[in-house]
Amino acid sequence: VLSHNLCTVLKVPHDPVALEEHFRDDDEGPVSNQGYMPYLNKFILEKVQGNFDKVEFNRMCWTLCAKKNLSKSPLLISDEDAFKVWVIFNFLSEDKYPLIIVPEEIEYLLKKLTEAMGAGWQQEQFDHYKIALNTSREGLSVWELIDLVGSGQFSKGMDRQTVSMAINEVFNELILDVLKQGYMLKKGHKRKNWTERWFVLKPNIISYYVSEDLKDKKGDIILDGNCCVEALPDKDGKKCLFLIKCLDKSFEISASDKKKKQEWIQAIQTTVSLLRAGSPPPHKEARQKRKELRQKLLAEQEELERQMKELQTANENKQKELETVRKQLEAAAARAAEEEKKRLQTQVELQDRFSLELEREKMVRQKMEEQVAQKSSELEQYLQRVRELEEMYKQLQEALEDEKQARQDEETVRKLQARLLEEESAKRAELEKWHLEQQQTIQMTEAEKQELENQRMIKEQALQVAMQQLEQLELERKEALEQYEEVKKKLETAANNTKSWKDKVAHHEGLIRLIEPGSKNPHLITNWGPAAFTEAELEQREKSWKGKKTASE
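Everything quoted here is computed from the prediction, not taken from an experiment. (Residues numbered from 1 in each chain as written. Predicted model: local features only at pLDDT ≥ 70, side-chain atom pairs only at ≥ 80, totals over all residues. Heavy atoms only, no water.)

Undergrad: Would you explain the UniProt feature "domain: PH" (unreviewed entry) in the protein chain in this entry?
TA: Look at the UniProt record and you will see "domain: PH" (unreviewed entry) annotated at residues 177-273. Taken end to end, residues 177-273 is 16% helix and 44% strand, and its two terminal C-alpha atoms sit 16 Å from one another. (UniProt positions renumbered as here; feature names shortened; annotations may be inferred. Helix = DSSP H or I, 4+ residues; strand = E, 2+ residues; numbered from the N terminus.)

Below is the structure:
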């Protein structure tokens, strides 16, 4: 039902087959695991051409969500006014979900409503409200905005009708793009009479109706960059005249007073200028500028916060570095004092140690002199031992050379034996390979012989089957010839019977007449009813009978 209504409002052809196909594998409920949003985007929203009534679309969406979310507390506005506030919220809200309206747009909307009610704007009151709002959240949801407008907090002293008219005026301007509207007199093109009409100025058209309820539309004035408007002098008893010139037609209009005349001329000139420049309507352009300004301020604020964070981080890093340097200096000073103390203590210890070492050195020198004499005799003995060892080393080298030569001869003999074994192994493998090839050749010959014998048997069987089939076909051909002869005889008999029957009919043509489709010409009437032939056929038969009679005479 929802999809069908959406397609009807958006003027999109409804495809129930696509709906069933999209939700076909859902086993747990009315909505498939793919969700409704993919179906909505693919099969409905992508097909929208933009030629639908946006107010009707908004009203359908309002019907879907209002009953569930609208506040139950009594409000100073009607449901229709709440719907218009809901549509205005959708126009002014931010382009991100969940939708909210920021304090700047709330201020803009409340100012427009206050101006439309003819009251003064209470900036101080709104500033207090804005401060309380900013401390808790970024903005208001649509239902909170409806509660705010319906509570009368910023429209105190105004009755319900005044608030409703103000909401309707702001709705017409922001949503319906109504730049100006009001009663004026219009001069007719045919009868040249003056008639009061309700005029509605939009960004590219001026529509005029019988009354302000907009039910009976009388015509449109299409505006483009080539249109112009100019004031006219009073004439024919009409005052406050001005002329709207278009490419194909001009319109003379009379305002109620000079102020209204000037306002309408100024509004139409502004609209034409916007059309020439290709600019959007003023309220849309103002909203875009407010949005860009907010984005710019937000970017500047974020950049300032980023810079402040960088400065704060740099300051903290500097403080940490200074604290680290201070601690390092204190530690260095403590280490220097400790080292100086250790140095003095070490110096005293070194002096005492030096004195002891000096005494000990003297004693050691005396011992060393005694040991030198002893070592001299030991050195002579050591040198003699070294000469003996050198002689033994030379003998060992000669023995090692002889052993190395013997091992080389043994390795040569071993390699020769290994090569002979490898050659013998290769010849043995070659002989075994020849033997295997001979056996395989014998086996292949026997297999081929068996295969040829099998093929011969199969061909003989196929030949026997073919001969049997040929004999069967010969029998069938003979039976078909016999049947053909019988049918031929029957056909000749039927042809003879038909020929004799036709001769009899021709002989008795005056008494018997074949039943054939009747002619559309009028039939003759006899004493026994309608004749079996027409008058023309009767004349033809009379001529035929007279000819036969003459020939017989």
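Moving on from the model shown.
Undergrad: Where do I start with the side chain of Glu-107 in this structure?
TA: Summarising the element assignment, Glu-107 is placed in helix H6 (residues 103-117). Ignoring any residue separated from it by four or fewer positions in sequence, one finds Glu-107 in contact with Trp-121, Gln-123 and Phe-126. (Contact = heavy atoms within 4.5 Å.)

Undergrad: Even after reading the chapter, I still don't get the nonpolar core, so can you show me in this structure?
TA: Soluble globular proteins tend to bury their nonpolar side chains together. Formed by 39 residues in total, the largest nonpolar core has its most connected members in Trp-62, Trp-86 and Ile-146. At the level of secondary structure, the elements contributing two or more residues to this core comprise helix H4 (54-69), helix H5 (79-92), H6, helix H7 (123-134), helix H8 (142-151) and helix H9 (160-174). In this structure Trp-86 touches Asn-58, Cys-61, Trp-62, Cys-65, Val-142, Trp-143 and Ile-146, once residues within four positions along its chain are discounted. Membership of the second largest hydrophobic core comes to 21 residues, among which are Phe-199, Leu-201, Ile-244 and Ala-267. (Core = buried A, V, L, I, M, F, W, Y, C linked by side-chain atoms within 4.5 Å. Buried < 20%, exposed > 50% of the residue type's maximum accessible area, 1.4 Å probe, protein only.)

Undergrad: Looking at this structure, I do not really get the layout of surface pockets. What am I missing?
TA: Picture a little ball the size of a water molecule; that probe, rolled over the atoms, points out where space is still empty. The space that makes up the second largest pocket amounts to roughly 620 Å³. Contributing to the lining of the second largest pocket are 19 residues, with Glu-94, Val-102, Glu-104, Arg-294 and Leu-298 lying nearest its centre. The dominant element in the lining of the second largest pocket, judged by the number of residues it contributes, is helix H11 (residues 282-507), at eight residues. Classifying every residue of the lining of the second largest pocket gives six nonpolar, three polar and 10 charged. (1 Å grid on protein atoms, 1.4 Å probe; cavity = no way out; pocket = protein on both sides within 12 Å on 5 of 7 lines; lining within 4 Å. Points joined across faces, edges and corners; volume = space filled by probe spheres on them. Nonpolar A, V, L, I, M, F, W, Y, C, P; charged D, E, K, R; others polar.)

Undergrad: Would you explain the pattern of salt bridges in this entry?
TA: Should the charged atoms of two oppositely charged side chains come close, the side chains can pair. As enumerated under the stated definition, the model contains 23 salt bridges in all. For Glu-323, the salt bridge is made with Arg-326, and the minimal N-O distance between the two is 2.2 Å. Linking Glu-323 with Arg-326, this pair stays in helix H11, spanning three residues, or about one helical turn. Here Glu-323 falls in the partly exposed class, since its relative accessible area comes to 34%. By relative accessible area, which is 37% here, Arg-326 ends up partly exposed. For Arg-419, the salt bridge is made with Glu-423, and the minimal N-O distance between the two is 3.2 Å. (Salt bridge = Lys/Arg side-chain N within 4 Å of Asp/Glu carboxyl O.)

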